[in-house]
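# Architecture and fold: a report
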Amino acid sequence: MLALRPYVVLVGLFDAVTAAAQFTGTVAAVSDYRFRGVSLSQEKPAAQLTVTYDAPAGGYAGVFASTVEFAASSSTTVQIVGFLGTAMPITSGVHADVGINYAAFGGALRDYNYGEVYVGASSGEYSARVHYSPDYFGVSE
């Protein structure tokens with residue numbers, strides 16, 4: 001039994017170094033682009049693209065793009081959201097998430113650009129985030 005211990009430790013070391021950085025991407029066509037319960041496509045289809053980088057230590061960054069159409073502008077334009085954050089364990093099974101993002105709109109919707117910071121927590125299938133923006137969708141309140 002003692003002869004197996006170095007082997008078990010060696011296997012454990014190989015397992016510990018398997019974490020690696022990861023790039024992911026998605027392309028989607030949605031029937032209605034809804035953001036926080038509001039249609040950003042006037043209940044019409046939208047095309048979307050997401051590219052994300054996840055670091056082994058918990059950091060992440062990415063960009064999301066979607067076609068949008070607001071009632072204020074009858075033409076379709078694009079929304080691009082860049083984001084940067086980190087997720088870290090608080091206790092066994094509970095993680096914190098802290099980050100920033102910036103949403104930029106094309107065309108006549110540039111006044112809707114906004115940045116925000118967020119903090120959140122997750123455990124299993126449950127998660128919650130609080131977002132703060134000093135100029136959300138062009139409303140300085």
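Here we summarise the structure given alongside this text. Remember, predicted model here, so these are calculated numbers, not experimental data. Each chain has its residues counted from 1, running along the sequence as written. Totals for whole chains, interfaces and linings use every residue, but because this is a predicted model, local features are given only for residues with pLDDT of at least 70 and side-chain atom pairs only at 80 or more, for both listing and counting. The side-chain quantities take in all heavy atoms of the structure and omit both hydrogens and water.

## Side note on the packing of aromatic side chains
Two rings from Phe, Tyr or Trp (for Trp, the six-membered ring) form a pair when their centres sit within 6.5 Å of each other. Planes less than 30 degrees apart are called stacked, planes more than 60 degrees apart edge-to-face, and all others tilted. Considering all chains together, one arrives at 13 aromatic pairs under this definition. Judged by centre distance (6.4 Å) and plane angle (90°), the rings of phenylalanine 105 and tyrosine 112 are edge-to-face. Type-normalised accessible area, obtained with a 1.4 Å probe on protein chains alone, sets the label of each residue: buried when under 20%, exposed when over 50%, and partly exposed for intermediate values. Since its relative accessible area comes to 3%, phenylalanine 105 is described here as buried. The exposure class assigned to tyrosine 112 is partly exposed, which follows from its relative accessible area of 25%. Judged by centre distance (5.7 Å) and plane angle (45°), the rings of phenylalanine 105 and phenylalanine 137 are tilted. One end of the pair, phenylalanine 105, is in strand E7 (residues 94–105); the other, phenylalanine 137, is in the segment after strand E9 (126–132), with 32 residues separating them in the sequence. For the pair phenylalanine 105 and phenylalanine 137, a shared accessibility class is recorded, and that class is buried. Ring-pair connections join several aromatic residues into one group, and the members of that group are Phe35, Phe70, Phe105, Tyr112, Tyr114, Tyr136 and Phe137. Only runs of H or I of at least four residues qualify as helices and only runs of E of at least two qualify as strands under DSSP, and these elements are numbered from the N terminus.

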